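As a plain string of letters, each chain reads:
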Amino acid sequence: MTDSCGHLSSSETLDLTDSQRYMAGVSAEAFVAPRRRPDLPIQHLSVSGSAMQVETPKPSRRDKWAYFLDRILAKRSGIFLLMFAWGLLQVTVFGMLYSSVWLFEGPGGGSGQCDDPRERRSVNRYIEGFWEAWTFMADPGTHSKVYLSGQRLIAASTAIAGILFWSTIMALTVDVIREKMDKIRQGRSKIIESSHTLVLGWTEKTMHIIEELCNANASEGGGIIVVLSPEAKDDMESELSLQLPVRNRHGTRVIFRSGSPLVMGDLSKVSANSAKAIIILSSSADADRADADTLRTLLALRSLYDELRCHVVAEVRDIDNEPLVKLVGGTSVEVIVSHDMIGRLMLMAVRQPGLAKVYEALLGFEGSEFYMSPWPELAGLRFEDVIERLPEAVAIGIAAKGGAIHLAPPPETLIMEGDQIIVLAEDNDSYKPEPPAEVFIGDILEQQPNKKQVEKLLFCGWRRDIRDILQQLDRIVKPGTEVHTMTHSVPLHHRNARLLEDGLAVNDLRNVTLVHHMGNTSVRRKLELLPIETYTSCMIFSDQEFEMDTMHSDSHSLATLLLIRDI
């Protein structure tokens, strides 16, 4: 029911027929009129056969002014503009008031004082009133020099208004400075650098990369490394100070900024367009999500800059995603499949003990490492002639102008214009071509045939890319080699099907025979069921079940290693 003004009763429902409820778009069972709240009254309600209209009250003038001030105060420039208008208004109002009680203080004035050297006719009452009002606001102590009651009242009021005005100005200034300091502390400010190395992402690899880059920049007196990550700037700086003190950085400055590599504004904030090199790290535990973020980062870089003028190295976790990343990145992006590379290194190291130490020495910046440089003076020479021209380095290959890499090429291979010589040297400035030297070449030893032996390997754990490891192993071992796998994360009857789903049919393996075992490799009684002493080598993988938890995965691998050694 409604009264004569159309108001709803707070305890009654609308009395509509079913057809009216259907016309209004509301079901007959659920149609109940809302109860009137004291704070939100329904002013007018009109009900017709086809619709129900509710008229809300119009905003008052006070509400409009409040909304107008909210819009101005929401912007920093609006606040200072409002403060300027407020100060100008105070000077105008109090200046007009004080001009009504102002007295000339020069000769012939009514104040009885002779401090003003000006003539009376050259002085304007209103200008003097505005000036006195400004001095009272800017320095409240100046109002103590007035003596008349009317002057003291207006001067005291002006001084109080000035104190409030300047207090507000000071509060706003402090707020602006604090906001700027917080912005700097949180790493949201823009950096202006060039020829720096930009690292996108903060993972367990970041600290090692920074350390290696500092060692690489030591010969040049240091460099600049910029890290962009969603992590807090204070946390990254604290970890850097703890793990890599300033004395171990060899003059390299490390700058951190908080932000997402997926956002173009954050990439522009770290001057990605002027970087010497960009390293994109996979920052997610899930491989597919990490590769998707890497792909989006490359798209953001290409959207921000028409052409990438620097060298970009992108980490990919799944080898199946490598073609897509290469398609987006183009020739300026080098893709590193970290998971696959680690698997291949482990496979090579397990078949030849001691090879892991060789990899560690070669891939670090301590001692000698790989370098590629073009030497125009060597163009036209044979590769065997280049060897004697580089006494401080070891030439091991050629990087062709088209991008092909030739390691240990035939001695008669010619060096073409634009080719780069791949060498093993102490530093990039520690070698250069020298005049030909006489080198005595003795008799070449007869190469002994490498006799392959049947092997028996144990794989502890189940990797996502175990398919690639088995395919690589099948190409280099002798027929009859057995590979025993033990894990508890994949059931026995699902393993061959899992491999087939990933693209490997077990029957297609020519030299390797798979033998599956079920059990947790960190449990001693499970390992004791295996003939540990008969295996020629053992590979302990980070099991895919613990892939999301790095610490748990490492603990599981360490426990497996200790148990196998003890058994």
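Throughout what follows, the structure given in this document is the object of discussion. Computed from a predicted model, the values in this text were never measured in an experiment. (Residues numbered from 1 in each chain as written. Predicted model: local features only at pLDDT ≥ 70, side-chain atom pairs only at ≥ 80, totals over all residues. Heavy atoms only, no water.)

**What about the sheet that holds strand β16 (residues 537-540)?**
Taken together, 4 strands build an open sheet; the order of strands is β15-β14-β13-β16 and the sheet is parallel. In the strand order of this sheet, the two ends are held by β15 (512-518) and β16, each with one partner. Here the strands of the sheet are splayed against their neighbours by 20° on average, with no regard to which way each runs. Of the pairings in the sheet, the one linking strand β13 (residues 456-460) to β16 comprises 4 bridges and is parallel in character. When the sheet's bridge partners are listed, phenylalanine 459 is paired in β16 with methionine 539. Helix α17 (residues 550-566) contacts β13 and β16 of the sheet and is inclined by roughly 160° relative to β16. (Pairing = 2+ DSSP bridges. Helix = DSSP H or I, 4+ residues; strand = E, 2+ residues; numbered from the N terminus. Axes fitted to C-alpha atoms, helices over the stretch in contact; angles between N-to-C directions. Contact = heavy atoms within 4.5 Å.)

**What about the packing of aromatic side chains?**
For the structure shown, the criterion picks out 7 aromatic pairs. A centroid spacing of 5.7 Å and a plane angle of 75° characterise the contact between tryptophan 202 and phenylalanine 256, whose relative ring orientation is edge-to-face. In this pair, tryptophan 202 is assigned in the loop between β3 (197-200) and α6 (206-217) and phenylalanine 256 in strand β5 (residues 253-258), connecting sequence segments 54 residues apart. The same class applies to tryptophan 202 and to phenylalanine 256, which are both buried. Look at phenylalanine 459 and phenylalanine 541: their rings are 5.2 Å apart centre to centre, the planes differ by 70°, and that puts the pair in the edge-to-face class. One end of the pair, phenylalanine 459, is in strand β13; the other, phenylalanine 541, is in the loop between β16 and α17, and 82 residues separate them in sequence. Residue class for phenylalanine 459 comes out buried when judged on its relative accessible area of 0%. An aromatic cluster is defined as three or more aromatic residues linked by ring pairs; in this entry it consists of Trp86, Trp134, Phe165 and Trp166. Taking NZ or CZ as reference, lysine 456 lies 5.4 Å from the ring centre of tyrosine 535, over its face. (Phe/Tyr/Trp six-rings, centres within 6.5 Å; stacked < 30°, edge-to-face > 60°. Buried < 20%, exposed > 50% of the residue type's maximum accessible area, 1.4 Å probe, protein only. Lys NZ or Arg CZ within 6 Å of the ring centre and 35° of its normal.)

**Details of the sheet that holds strand β10 (residues 394-399)**
Overall, antiparallel pairing links the 4 strands, which are arranged β9-β12-β10-β11 in an open sheet. The sheet is open, and its two edges are formed by β9 (369-374) and β11 (405-407), each paired on a single side. Each strand of the sheet is rotated relative to its neighbour by a mean of 30°, with strand direction disregarded. Pairing of β10 with strand β12 (residues 420-425), which is carried by 5 bridges, proceeds in the antiparallel orientation. Within the sheet, the bridge partner assigned to isoleucine 398 lies in β12 and is isoleucine 421.

**What to know about the pairing of β5**
Counted residue by residue, β5 has 5 buried out of 6 residues, so it is predominantly covered. One ladder, built from 6 bridges, connects strand β4 (residues 224-229) with β5; its direction is parallel. Bridge pairing in β5 links isoleucine 224 to arginine 253. Traced from β4 through helix α7 (residues 233-243) to β5, the parallel crossover comes out right-handed. (Right-handed = clockwise from strand over helix to strand, strands pointing away.)

**Digging into the layout of surface pockets**
Its volume calculated, the second largest pocket comes out at about 1000 Å³. Looking at the second largest pocket, it is lined by 29 residues, and the ones nearest its centre are Ile342, Arg463, Ser542, Ser553 and Asp554. Elements that contribute at least two residues to the lining of the second largest pocket include exactly α11 (338-351) and α17. With 5 residues, α17 is the largest single contributor of residues to the lining of the second largest pocket. In terms of residue class, the lining of the second largest pocket is built from 9 nonpolar, 11 polar and 9 charged. (1 Å grid on protein atoms, 1.4 Å probe; cavity = no way out; pocket = protein on both sides within 12 Å on 5 of 7 lines; lining within 4 Å. Points joined across faces, edges and corners; volume = space filled by probe spheres on them. Nonpolar A, V, L, I, M, F, W, Y, C, P; charged D, E, K, R; others polar.)

**Some words on the packing of helix α4 (residues 125-138) against helix α5 (residues 149-185)**
Here α4 crosses α5 at 55°, and the two axes come no closer than 7 Å. When the axes of α4 and α5 are compared, the pair comes out oblique. As α4 runs across α5, the sense of the crossing is right-handed. For the pair formed by α4 and α5, the contact residues are Ala133, Trp134, Phe136, Met137 and Ala138 on the first element and Ala155, Thr158, Ala159, Gly162, Phe165 and Trp166 on the second. Partitioning the contact of α4 with α5 into residue classes produces 9 nonpolar, 2 polar and no charged. (Parallel < 35°, antiparallel > 145°, perpendicular 65-115°, else oblique. Left-handed = near helix turned anticlockwise from the far one by under 90°.)

**Focus on the side chain of aspartate 340**
Tracing the backbone shows aspartate 340 in helix α11. With residues near it in sequence (within four places) discarded, aspartate 340 still touches Ile319, Arg463, Asp465 and Asp468.

**Details of the packing of α11 against helix α12 (residues 355-363)**
Two elements in contact, α11 and α12, have axes whose closest approach is 8 Å; the angle formed by their N-to-C orientations is 135°. With respect to their mutual orientation, α11 and α12 come out oblique. Note on element contacts: α12 touches α11 through Leu355, Ala356 and Tyr359, opposite Leu345, Met348 and Ala349. Here the contact of α11 with α12 is built from residues that sort into 6 nonpolar, no polar and no charged.

**What to know about the pattern of salt bridges**
What the rule picks out here adds up to 15 salt bridges. Residues arginine 344 and aspartate 340 are paired through a salt bridge, measuring 2.8 Å at the closest nitrogen-oxygen approach. Here arginine 344 and its partner aspartate 340 are both found in helix α11, 4 residues apart, which amounts to about one turn of the helix. Residue arginine 344 is classed as partly exposed on the basis of its relative accessible area, which comes to 35%. For aspartate 385, the salt bridge identified is with arginine 382, shortest N-O distance 3.4 Å. Residue aspartate 385 is classed as partly exposed on the basis of its relative accessible area, which comes to 22%. Put simply, Glu204, Lys205 and Glu315 are held in one network by salt bridges that share partners. (Salt bridge = Lys/Arg side-chain N within 4 Å of Asp/Glu carboxyl O.)

**Describing the nonpolar core**
Membership of the largest hydrophobic core comes to 28 residues, with the highest contact counts inside it found for Leu198, Ile278, Ile280, Leu301 and Val312. Among the secondary structure elements, those contributing two or more residues to this core are β3, β4, β6 (277-280), α9 (287-304), β7 (311-316), α10 (322-329) and β8 (333-337). Looking at this core element by element, the count peaks at 4 residues for α9. Excluding its chain neighbours within four sequence positions, the residues that come into contact with leucine 301 are Leu267, Ala272, Ile278, Ile280 and Leu308. One finds Phe459, Ile466, Leu473 and Phe541 within the second-largest nonpolar core, a separate group that totals 19 residues. (Core = buried A, V, L, I, M, F, W, Y, C linked by side-chain atoms within 4.5 Å.)

**Observations regarding helix α14 (residues 466-476)**
Counting along an α-helix, one turn takes 3.6 residues, and residues three or four places apart therefore face a common direction. Most of α14 sits inside the fold, with 8 of its 11 residues counted as buried. For α14, the set of buried residues is Ile466, Arg467, Asp468, Ile469, Leu470, Gln472, Leu473 and Asp474. Looking at the buried residues of α14, the elements they touch are α11, β13, β14 (481-487), α15 (492-501) and β15.

Don't take any of this as a statement about function, it's just geometry.
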